[in-house]
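This is what each chain is made of:
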Amino acid sequence: MLGDHRLFLFDVDGVFITGVLEWETRVLGGYRALAKLRQMGKAIALLGSGSNWSTWEIWSSLRRLGFLLDFDEVWVASRVASRHLAGVMGPSRCYVIGEEGLKRELRRHGHKVVRDWREADAVVVGHDRFFSFRKMNDALRALNNDAYFLAVNKVRWYYSPTQGPIYSPGAIVAALEYQTGREAVVAGKPSLIHFTTVLSHFGVDPEDAVMIGDTVESDLVPAKSLGMTTVLVKQLDRRDRVRQRTDVVDLTIGDVDELIRYL
């Protein structure tokens, strides 16, 4: 039974809500599942691959939607990337391809956002709906000057249930990798850094954790590789799905609140 596990990790988009990127947010469920887990005394963490918002922005948005989460239960990729950079380099001067939420998160972790590429210790790349030739060129110069190369995430695309694929940071990261001949360190899912950072924070071994997500490749494959139990949520009919592996899925449910049946 899943109830024997100590920590339950959830993907956000496609499990609790959808439509965030196109400002058409729709709640899919999760109130009952979260309430039951709290009643059982389980630890909870929400893992989001979003790289253009700060933890505070995502946390407050979820609170407004009625998800009564603690701030420390929200682990978006921008938070993981900022912590990773601090652990590797300490407080750093960052040239950022990304939006204000990412910059706020970096500053919250002691980093400084710089505009001059010559000052950069690190280039941090996230979702940026306003990226330009100048930003890309300055990032290229900073990387050629040996700045640390950190991708908040590298997803191939985001996905809207109403509009289909949405341009994502993966294309920006891939362009810089091609131009520099360097491979970015990726912090967000499906990178193991995202999962191991959260497990370490809660002091839980992978065997004592459950990962619940709607995408096999980015949510469940890395979780299973660490030894976590995996649950696939198949509520949305996603047109971007390719043939997905089934060997890494321990349980399939129709919506997140169905999880209660297995606790």
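Below is a summary of the structure that appears in this document. Nothing here was measured: the structure is a model prediction, and the numbers come from that model. (Residues numbered from 1 in each chain as written. Predicted model: local features only at pLDDT ≥ 70, side-chain atom pairs only at ≥ 80, totals over all residues. Heavy atoms only, no water.)

### Side note on the environment of Leu106
Looking at where Leu106 falls in the secondary structure, it is placed in helix H4 (residues 100-108). Distance from Leu106 to Ser60, taken between C-alpha atoms, is 18 Å for residues 46 residues apart in sequence. Setting aside chain neighbours within four positions, we find Leu106 in contact with Ser82, Leu85, Cys94, Val96, His111 and Val124. (Helix = DSSP H or I, 4+ residues; strand = E, 2+ residues; numbered from the N terminus. Contact = heavy atoms within 4.5 Å.)

### Re the layout of surface pockets
Of the pockets and cavities examined, the second largest pocket occupies roughly 170 Å³. As for the second largest pocket, its lining consists of Tyr95, Val96, Lys103, Val113, Val114, Arg115, Arg134 and Lys135. Within the residue set of the lining of the second largest pocket, elements represented by two or more residues are strand S6 (93-97) and helix H5 (133-144). Taken together, the residues of the lining of the second largest pocket sort by class into four nonpolar, no polar and four charged. (1 Å grid on protein atoms, 1.4 Å probe; cavity = no way out; pocket = protein on both sides within 12 Å on 5 of 7 lines; lining within 4 Å. Points joined across faces, edges and corners; volume = space filled by probe spheres on them. Nonpolar A, V, L, I, M, F, W, Y, C, P; charged D, E, K, R; others polar.)

### Some remarks on the packing of helix H7 (residues 192-202) against helix H8 (residues 216-226)
Where H7 meets H8, the axes come as close as 9 Å, and the angle between the chain directions of the two elements is 60°. Classified by the angle between their axes, H7 and H8 sit oblique to one another. Between H7 and H8 lies a crossing of right-handed hand. Within the contact between the two elements, H7 uses Leu192, Phe195, Thr196 and Leu199 and H8 uses Ser218, Asp219, Pro222, Ala223, Ser225 and Leu226. (Axes fitted to C-alpha atoms, helices over the stretch in contact; angles between N-to-C directions. Parallel < 35°, antiparallel > 145°, perpendicular 65-115°, else oblique. Left-handed = near helix turned anticlockwise from the far one by under 90°.)

### With respect to the sheet that holds strand S12 (residues 185-186)
Spatial strand order, S7-S6-S8-S9-S12: five strands in an open sheet with parallel pairing. Unpaired on one side and paired on the other, strand S7 (112-113) and S12 mark the two borders of the sheet. Direction of pairing for S6 relative to S7: parallel, over a ladder of two bridges. Residue pairing for S7: Arg93 is matched across the bridge by Lys112. Across the sheet, H4 is in contact with S6, S7 and strand S8 (122-125); its angle to S6 comes to roughly 165°. (Pairing = 2+ DSSP bridges.)

Spatial relationships are all this shows, so hold off on functional conclusions.
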